[in-house]
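# Summary of structural features
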Amino acid sequence: MRENGAVTVTTRKAQKLFAPIAANYQRWATILSLGQDPRWRTSMVAGLQLPPQTMVLDVAAGTGAITRLLQARGARVISFDQSREMLAMARLGGATAVLGTAAHLPHPDGSFDCVTFGYLLRYVDPDVAMRELVRVLRPGGEIGMVEFGRPRGIWGPWWWLYTRLILPCAGAVIGSGWRDVGSFLGPSIDAFDRQFPLDRLVEVWQAAGLVEVRVARCSLGGGILMWARKG
């Protein structure tokens, strides 16, 4: 694995959160999301136009869940993440892994036909990261994202109850670092939603050079999928 990019406070926080949970991340991410996380990732990949042998950069690849979906569709994928521990699990699944930060991708301009990422923008400066992701995308290439959303209306209080009370308690029972993750997620998702509501997020994507931006809310608004093309 190659390493690139400066380590920031946010980067160190994310590394500290995810290092202890890498070995059992996929199983508990599925359970704690009530089975929705795999559905969102699958739907995001299904929304991409991927001819065979498409060259894809999967950023914030984690243990390689999106990478494996892309590979199943015949894509050639590089898994990119800032966590050694998470990437080690991705490599066990056959991923080609590169270690670094999304603000400093070690790839030339226009290197990839497609860029994907999941649960990234809450840990970075979205404006900076989106410009860098678009930089390595060829003109006309596609980009796809999975991120948490925040349910509205009558589902809002239930969301708050689950993320603020049930999720931290479940994390404490699971152990191995999940208590910290369970306590972190709810406030992190809500803070990002306040600062970057969907219309603002679309503007960030467009300012980075993306066109034909598409958005889908999933699971009562608990998940957000986005796709676009480089103009």
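Note: the structure precedes this text.
The model shown is predicted, which means the values in this text are computed figures rather than measured ones. (Residues numbered from 1 in each chain as written. Predicted model: local features only at pLDDT ≥ 70, side-chain atom pairs only at ≥ 80, totals over all residues. Heavy atoms only, no water.)

### Focus on the overall build of the protein
Tallying secondary structure elements over the protein gives nine helices and seven strands in all. Against the 2.2 N^0.38 benchmark of 17 Å for 231 residues, the protein shows a C-alpha radius of gyration of 17 Å, consistent with a compact globule. Relative to its 231 residues, the protein shows a buried fraction of 52%. For the protein, long-range pairs separated by at least 24 residues make up 66% of all intrachain contacts whose partners lie at least 6 apart in sequence. A total of about 10400 Å² of accessible surface is found on the protein, and carbon and sulfur atoms cover 58% of it. (Helix = DSSP H or I, 4+ residues; strand = E, 2+ residues; numbered from the N terminus. Rg over C-alpha atoms; globule rule 2.2 N^0.38 Å. Buried < 20%, exposed > 50% of the residue type's maximum accessible area, 1.4 Å probe, protein only. Contact = heavy atoms within 4.5 Å. Areas by Shrake-Rupley, 256 points an atom, 1.4 Å probe, with all protein chains shown as cover.)

### Brief notes about the sheet that holds strand S7 (residues 223-230)
Ordered in space as S3-S2-S1-S4-S5-S7-S6, the seven strands form an open sheet in which the pairing is mixed. Both edges of this open sheet fall to strand S3 (96-99) and strand S6 (210-218), since each of them pairs with a single strand only. Along the sheet, successive strands turn relative to each other by an average axial angle of 20 degrees, direction set aside. Note that strand S5 (residues 137-148) and S7 share seven bridges and pair antiparallel. Paired with Phe148 across the bridge in S7 is Gly223. (Pairing = 2+ DSSP bridges. Axes fitted to C-alpha atoms, helices over the stretch in contact; angles between N-to-C directions.)

### Some words on the packing of helix H7 (residues 155-174) against helix H8 (residues 178-195)
Packing of H7 against H8 leaves a shortest axis separation of 6 Å and a crossing angle of 165 degrees. Considering their axes alone, H7 and H8 lie roughly antiparallel with respect to each other. Along this stretch, H7 crosses H8, giving a crossing that reads as right-handed. The segment H7 lies against H8, with Trp159, Thr163, Arg164, Leu167, Pro168, Gly171, Ala172 and Ile174 engaging Trp178, Arg179, Gly182, Ser183, Leu185, Gly186, Pro187, Ile189 and Asp190. Its residues assigned to classes, the contact of H7 with H8 shows nine nonpolar, five polar and three charged. (Parallel < 35°, antiparallel > 145°, perpendicular 65-115°, else oblique. Left-handed = near helix turned anticlockwise from the far one by under 90°. Nonpolar A, V, L, I, M, F, W, Y, C, P; charged D, E, K, R; others polar.)

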